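Architecture at a glance
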Amino acid sequence: MPGPPSFSPPPPPSSSSVYYPPASSPTPSSNSSSGSAPSSGSGSPSGSSSSGPNTFYIVDVKPEVALTTVAAFLIVVGLFQWGSFLLAKLRKQRRSRAATADLEATHASTPSRASGGWISRLPTMAINVFRVVAFRYTIEFGTYDLSVVHILLTCAYLALLLALTFSNIPSGLGITPAIKVDIWAARAGLIAASQFPLVTALGTKNNIISLVTGVGYEKLNFFHRVMARSCFALLLIHAGGEIYSAVSSNIFQYIVKETWLRLGLTAVSALAILLVVSMRPIRTRVYEVFFYSHFILVLIFLIGAYYHTSYSHVSFWIWPSFMFWGLDRLLRLTRVLVCNHLYFGFSRRAKLQDASTELLADDFVRLRIRRPPHVQWWPGQTAYLTVPSVSKFPLEAHPFSISSIDSDLFRDDTKDFVIGERGVTADTEDWKELVFLINVRNGFTKRLREAAAQNRTVKVFIDGPYGSAPDVGTYDTSILIAGGSGITHNLPVFLNAIEKARTRSSRCQRLVFIWSIRDASQIRWISDALNRASTVVPSWLTVSVKIFVTRGPVPLNEVDPDQTPGKDMGSQEGVAPPFVRFESGRADVKAILQGEVSTATGSMSVMVCGSQSLARSVRRALRFPVSGPSSILRGGPSVTLHVESFGYA
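If you're wondering where the values come from, they're calculated on a predicted model, not measured in any experiment.

What the protein chain contains, in helices and strands, is 19 helices and 17 strands. Of all 649 residues assigned to the protein chain, the portion counted as buried reaches 49%. Of the roughly 29800 Å² of accessible surface on the protein chain, 61% is carried by carbon and sulfur atoms.

Okay, here's the thing in structure tokens:
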């Protein structure tokens, strides 16, 4: 009695052909190397062959079109981003070279509205209008905010993939509706496979796309998720079409036993689970589950996809994903070795790298870490921290903003950094301190709070730094708005702006710092930094700090003539530097921003880091007419908005 038919893959296609057996007349061969199974390939064929028992249809499909289109768009974005960056640097250098002895008097006065014809301000107006429409008008639903540019790019990408999948289907020559389903299914699978390297690259911390576009990995992560979900939709079309064709041809009971099909179904199932655990509510609440499941499921998906496509000789679309993923892991391992090398060298000084923990409040922990001078970072950057004694799983890394700056100007030499029974020795006095202000939630941060309650020292492995914040020194006016723990991002940017102004390497003339907190006791988190900053602010830089206290008593806006730098504002009943003002209630960001825009000129930067409601308020405040065309034409400032969101990457 003959056994079930054997389905072997088709012969390797050329670089311009894809072969398909007609679903309407399947004739699987038995023990024949020339038999076939429904499969997909790559390239751009142009017609179809005559029908027959072993006929293969050649279908027009061009997955490289999707790649070249996306690559061209990324290059355009990169040219714009890097062009803007270089232009800002050139303007900054010209301003620095133009600094003269009377610069202090000039900058001390309030800048007047720009003179000159309105025609000369048309390019600036056009750029400002684009920013407002593209990024500040959003669709809000639940915890999601989608800007116009996000929506347009998502729709354009989906339209491109669907057009390549369903357009230009051959007709005639025996192309039946069942065969069209075959063609759609195979195209969808092939186009999805061609996008996997790009999806993988966008999901890594060290990727070439960030280098090309000048956009940080944290901003690109949105498109990583969009492209992954789009590819999953294509894979559903691919799997559904293949199963439909097999069932309608009465061969499903045979091909379901084939390894290539089982591996493909395993890969799609892994991706489906991955998309579920990557949803924001799950990712935020149980980050550890997301972290490990993401790692494992990605490997399962890529391995399954590689072997599935190898049966159709198109695995060359998959293996670059392994290369991008492996390169990212290698670079991250290198960063860990560089930042924590004493832990791996069995040095007696390794203990000095341990971090001190301090419980600032019931829901806030301060982590202080010292590292050798070769460790460098920029304001606004983040680092991934692994704390073996606190983490539930090995190699569990969590991202946090670095709240200190890499500067001798703000280094506090009066404090003794003690670890156990050992303090700072002569060979470690030049070490730098990284400070992290960590908001306590569940999981890792809750366990870290328990360690901080006991003032324990813990071993910490640092992976970073990553990301970057815009250089506020390239703007005439800079406004920093933070809510609660958003101070962890904005404080180092604020201190760096003062240092840059002090060394005359900044064009910033006015610096505004706004922070909303629940109660006045939180002021002591940054009191030392503000007191020290007050002693180094140059006379030509106007600094305004407004702290809004939403609950409890508000500190008095009085200046103590006997106050010395380094005193804790919390212990001095609210005594603060002259540029600090305290107010009760929530900050009216709309009124504040309207007031700043009405008196400013040149370029203005607004950076907000805080809750979603705060970010939404700032976006609304900087829409038309505040940042409208008429404001620019009258000589008002061109406003650039930077939004940093809470949450895990």
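Put simply, G464 and P465 share a cis peptide bond, and its omega is 5 degrees. With respect to the helices and strands, P465 occurs in strand β11 (residues 461-466). Note that the residue after F624, namely P625, is joined by a cis bond; omega there is 5 degrees. Position of P625 among the secondary structure elements: in the loop between α18 (612-621) and α19 (629-633). In this structure, N250 takes a positive phi of about 60 degrees despite not being glycine. With respect to the helices, strands and loops of the structure, N250 is situated in the loop between α7 (217-248) and α8 (252-255). For N250, a relative accessible area of 56% translates into the label exposed.

Further remarks concern the nonpolar core. Ranked by size, the top nonpolar core spans 41 residues in total, and within it F196, L198, I209, L235, L271 and F301 carry the most contacts. Of all elements in the fold, only α1 (63-97), α4 (148-166), α5 (177-202), α7, α9 (259-277) and α11 (287-310) reach the threshold of two or more residues within this core. If you look at the next biggest cluster of nonpolar residues, it comprises 39 residues, including L360, I517, I523 and F582.

Our next topic: the environment of V215. With respect to the helices, strands and loops of the structure, V215 is situated in the loop between α6 (208-213) and α7. Overall, the relative accessible area of 18% leaves V215 in the buried class. In this structure, the C-alpha to C-alpha distance between V215 and Q81, residues 134 residues apart in sequence, is 7.8 Å. What V215 contacts, discounting residues up to four positions off in sequence, is V77, Q81, S210 and L220.

Next up on the list: the pattern of salt bridges. In this structure the tally under the stated criterion is 16 salt bridges. The residue R616 makes a salt bridge to E140 at a minimum N-O spacing of 3.9 Å. Here R616 is found in helix α18, whereas its partner E140 is found in strand β3 (residues 138-141), with 476 residues between them in sequence. Residue classification places R616 among the buried positions, given a relative accessible area of 15%.

Counting buried positions over the six residues of β11 gives six, a clear majority of the element. When strand β7 (residues 382-386) meets β11, the two strands line up antiparallel, connected through four bridges. Across the sheet, the residue bridging to L385 is I462, located in β11.

Moving on: the packing of aromatic side chains. All told, the structure shown has 20 aromatic pairs when counted by the stated rule. Relative to Y307, the ring of Y306 lies with its centre 5.5 Å away and its plane at 85 degrees, an arrangement referred to as edge-to-face. You can call Y306 partly exposed: its relative accessible area is 28%. According to the relative accessible area criterion, Y307 is partly exposed, its value standing at 44%. Between F344 and F461 the ring centres are 5.8 Å apart and the planes differ by 45 degrees, which places this aromatic pair in the tilted class. Pair noted here: F344 is in helix α13 (residues 341-344) and F461 is in strand β11, with a separation of 117 residues, a long-range link.

Right, let's talk about the confidence of the model for the protein chain for a bit. For the protein chain, per-residue confidence averages 80 on the pLDDT scale, and residues scoring 70 or more make up 78% of the total. The low-confidence segment residues 99-111, where pLDDT is below 50, has 13 contacts with residues more than four positions distant or belonging to other chains. For residues 559-574, every residue scores under 50 in pLDDT, and the model assigns this stretch 33 contacts once sequence neighbours within four places are set aside.

Now for the packing of α5 against helix α12 (residues 319-339). Contact geometry for α5 and α12: axes closest at 8 Å, N-to-C directions at 10 degrees. If you check the angle between α5 and α12, you find them roughly parallel. Along its contact with α5, which presents F196, P197, T200 and A201, the element α12 presents P320, S321, F324 and W325. When the residues that make up the contact of α5 with α12 are grouped by side-chain class, the tally is six nonpolar, two polar and no charged.

Helical geometry note: an α-helix holds 3.6 residues per turn, so side chains three or four residues apart project in the same direction. The terminal C-alpha atoms of helix α15 (residues 487-502), which comprises 16 residues, lie 22 Å apart, in line with the 22 Å expected from a rise of 1.5 Å per residue. Counting buried positions along α15 yields 13 of 16 residues, so the element is predominantly enclosed. Remark: R504 follows α15 within two positions and exhibits a positive phi of approximately 60 degrees.

Attention now moves to the sheet that holds β7. One key point about sheets: their strands pair by backbone hydrogen bonds, in either a parallel or an antiparallel sense. Strand order across the open sheet formed by three strands is β8-β7-β11, with antiparallel pairing between neighbours. Both outer strands of the open sheet, β8 (398-401) and β11, are each paired with one neighbouring strand and no more. Taken pair by pair, the neighbouring strands of this sheet meet at an average axis angle of 30 degrees, ignoring direction. Bridge count between β7 and β8: four bridges; the pairing is antiparallel. Note on β8: the bridge partner recorded for T382 is S401. Docked against the sheet, α12 engages β7 and β11, running at close to 115 degrees with respect to β11.

Here is what the cut-offs are and how they apply
Residues numbered from 1 in each chain as written. Predicted model: local features only at pLDDT ≥ 70, side-chain atom pairs only at ≥ 80, totals over all residues. Heavy atoms only, no water. Helix = DSSP H or I, 4+ residues; strand = E, 2+ residues; numbered from the N terminus. Buried < 20%, exposed > 50% of the residue type's maximum accessible area, 1.4 Å probe, protein only. Areas by Shrake-Rupley, 256 points an atom, 1.4 Å probe, with all protein chains shown as cover. Core = buried A, V, L, I, M, F, W, Y, C linked by side-chain atoms within 4.5 Å. Contact = heavy atoms within 4.5 Å. Salt bridge = Lys/Arg side-chain N within 4 Å of Asp/Glu carboxyl O. Pairing = 2+ DSSP bridges. Phe/Tyr/Trp six-rings, centres within 6.5 Å; stacked < 30°, edge-to-face > 60°. pLDDT = per-residue confidence, 0-100. Axes fitted to C-alpha atoms, helices over the stretch in contact; angles between N-to-C directions. Parallel < 35°, antiparallel > 145°, perpendicular 65-115°, else oblique. Nonpolar A, V, L, I, M, F, W, Y, C, P; charged D, E, K, R; others polar. Expected span 1.5 Å × (residues − 1).

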